Amino acid sequence: MMNSLMQNALGADWEKLPAALQAHYRAGSSTDVGQLDIEYPRFMQPVLFALHRLGALVHRRGRGVRTVVEKGPAGQTQRWQRTMTYADGRQLRFDTRWIAAGGNQLIEFVNAVFGLQMAVHVEDGCLHYRGVRFVARLGGRLIPIPEWLLLGHTTIVEHAIDDGRFAMDFRLTHPLLGQIFRYAGVFETR
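These numbers come from a predicted model, not from an experiment.

(A) Structural view of the overall build of the protein chain. Along the backbone of the protein chain there are three helices and eleven strands. What you see for the protein chain is a C-alpha radius of gyration of 16 Å, in line with the 16 Å of a compact globule of 190 residues. Its C-alpha atoms give the protein chain principal-axis dimensions of roughly 45 × 40 × 30 Å. For the protein chain, with 190 residues in total, the buried portion stands at 47%. Put simply, the protein chain shows about 9,500 Å² of open surface, and 55% of that area lies on carbon and sulfur atoms.

Right, dumping it as structure tokens:
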């Protein structure tokens, strides 16, 4: 069986991941089911509405939002389809595609043009993502866009709770405005 994009990016560090995170990132198709807390300051509402129209992030806060993440291979990429169901029954989708970016880096595209390049590593059994830059794909070229120019710095930390569940914490922190978006939750891979 082929390695997953994450397994290739982590290299030897893959073996340092706990079982729950290896299951989450294994090659092939899988589904994660869990709940997310989504928070951001009120002044970000119009920005997040516009970003969501472009395919990026979600534009509605919530606590304990039921979330299903379906992942699977799509050629040389990996598709991520996130469906968030709020207490009132309304659903939001956030779909992305990952590609390898060389070494320990991946790019997560929110649409055909815009993506976030991230570096990954394992530290103390936790998977850490660090935003490197945003990118715009024009033709066959990737145009770098510094993080500070758009939304700020991205970090994600994931850790195993037990052999079947993991917690994740995604944050966007702007150098002047502080934390402008966060979603965090607990998931089980099926």
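Now that the structure is up, let's keep going.
(B) Looking closely at the nonpolar core. Judged by nonpolar contacts, the single largest core of 46 residues is most densely connected at Met6, Ile38, Leu127, Tyr129 and Phe181. Residues contacting Phe181, with those up to four places away along its chain left out, are Ile38, Glu39, Tyr40, Leu48, Leu57, Val58, Phe170, Arg171 and Leu172.

(C) View of the packing of aromatic side chains. Evaluated as defined, the whole model comprises nine aromatic pairs. Both rings, one in Trp80 and one in Trp98, keep their centres 4.6 Å apart while their planes meet at 25 degrees; by these two values the pair is stacked. Of this pair, Trp80 sits in strand 3 (residues 77-85) while Trp98 sits in strand 4 (residues 91-100), placing them 18 residues apart in sequence. Against the face of Phe94 rests Arg82, its NZ or CZ located 4.6 Å from the ring centre.

Parameters and conventions
- Residues numbered from 1 in each chain as written.
- Predicted model: local features only at pLDDT ≥ 70, side-chain atom pairs only at ≥ 80, totals over all residues.
- Heavy atoms only, no water.
- Helix = DSSP H or I, 4+ residues; strand = E, 2+ residues; numbered from the N terminus.
- Rg over C-alpha atoms; globule rule 2.2 N^0.38 Å.
- Buried < 20%, exposed > 50% of the residue type's maximum accessible area, 1.4 Å probe, protein only.
- Areas by Shrake-Rupley, 256 points an atom, 1.4 Å probe, with all protein chains shown as cover.
- Core = buried A, V, L, I, M, F, W, Y, C linked by side-chain atoms within 4.5 Å.
- Contact = heavy atoms within 4.5 Å.
- Phe/Tyr/Trp six-rings, centres within 6.5 Å; stacked < 30°, edge-to-face > 60°.
- Lys NZ or Arg CZ within 6 Å of the ring centre and 35° of its normal.

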